[in-house]
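# Notes for the structure review
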Amino acid sequence: MKRLSGGRFVRLALMAAMLIAGAALTPARADVVVQIDKSSQRMSVSVDGMRRYNWPVSTGRSGYGTPSGVFYPQMLARRWFSRKYYNSPMPHAIFFYGGFAIHGTHELSRLGGPASHGCVRLNPSHAATLFSLVERSGSGRTRIEISN
């Protein structure tokens, strides 16, 4: 085994220390799983396998189904208005399949029952919390599962 000279050893030690310090400063990225159960009209949000939130939602009413399956966020929009449905506000929208999104609603009395044209509606404060979580973790580390 070859022995390093004093200067080379110091440079190598400094490079290793910088790599370790850089890794320590990199923010942790969490895996986020959003589970939506259409039959119970509930959303559960887990981070790194630990359940963090459980909220009421509104999914598609009769004639306007919310798709079932596994999806990933395609686009995030803090402020969005539906061009298709009367310029309706869709705050903190997380688009996951074509025009379908998870977003806030002002129709709070409808949460817990089907009411939308297919989107998943949330209380605006819950939508803001989810949006921030997905934004921080990244779309590639977020999975949306819609069932029943």
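Residues numbered from 1 in each chain as written. Predicted model: local features only at pLDDT ≥ 70, side-chain atom pairs only at ≥ 80, totals over all residues. Heavy atoms only, no water.

## A short note on the sheet that holds strand β6 (residues 93-97)
Strand order in the open sheet formed by 4 strands is β5-β6-β7-β8, with mixed pairing between adjacent strands. Across the chains shown, the open sheet's two edge strands, defined by having one partner strand only, are β5 (75-77) and β8 (120-122). Averaged over all pairs of adjacent strands, the angle between strand axes in this sheet comes to 15 degrees, irrespective of strand direction. Strand direction decides the pairing type here: β6 and strand β7 (residues 100-104), joined by 3 bridges, are antiparallel. Bridging across to β7, I94 finds its partner in I102. (Pairing = 2+ DSSP bridges. Helix = DSSP H or I, 4+ residues; strand = E, 2+ residues; numbered from the N terminus. Axes fitted to C-alpha atoms, helices over the stretch in contact; angles between N-to-C directions.)

## Topic: helix α2 (residues 124-137)
What sets the pattern is the α-helix's 3.6 residues per turn: residues three or four places apart point alike. Taking 1.5 Å of rise per residue, 14 residues should cover 20 Å, and α2 covers 20 Å from first to last C-alpha, within 8% of that figure. Along α2, the residues that are buried comprise H126, A127, L130, F131, L133, V134 and S137. An end-on view of α2 places all buried positions within 165 degrees of arc, on one side of the element. Of the residues flanking the end of α2, it is G138, one or two places downstream, whose phi is positive at about 105 degrees. (Expected span 1.5 Å × (residues − 1). Buried < 20%, exposed > 50% of the residue type's maximum accessible area, 1.4 Å probe, protein only. Arc of directions from axis to C-beta.)

## Focus: the packing of aromatic side chains
The tally for this structure, following the rule as stated, stands at 4 aromatic pairs. Ring centres 4.8 Å apart and planes at 25 degrees place the aromatic pair Y53 and W55 in the stacked group. The class for W55 is buried, based on a relative accessible area of 7%. Ring centres of F71 and F96 lie 5.2 Å apart, and the angle between their planes is 55 degrees; on these two criteria the pair is classed as tilted. With F71 in strand β4 (residues 69-71) and F96 in strand β6, the pair connects residues that are 25 residues apart, well separated along the chain. Considered together, F71 and F96 belong to a single accessibility category, that of buried residues. One aromatic cluster is present, built from ring pairs that chain together F71, F96, Y97 and F100. (Phe/Tyr/Trp six-rings, centres within 6.5 Å; stacked < 30°, edge-to-face > 60°.)

## A word on the sheet that holds β4
Within the open sheet, the 5 strands sit side by side as β3-β2-β1-β9-β4. Their pairing is mixed. Two strands bound the open sheet, and with one partner strand each, they are β3 (50-56) and β4. Between one strand axis and the next, the sheet turns through 15 degrees on average, direction left out of account. Its contacts with the sheet place α2 against β1 (32-37), β2 (42-47), β3 and β9 (142-147), and it is angled at close to 145 degrees to β3. (Contact = heavy atoms within 4.5 Å.)

## Topic: the side chain of H92
By secondary structure assignment, the location of H92 is in the loop between β5 and β6. Given a relative accessible area of 18%, H92 falls into the buried group. Once residues within four sequence positions are removed from consideration, H92 is found in contact with A77, R78, I102, H103, P124, A127, A128 and F131.

Everything listed is a geometric property; what it means functionally is a separate question.
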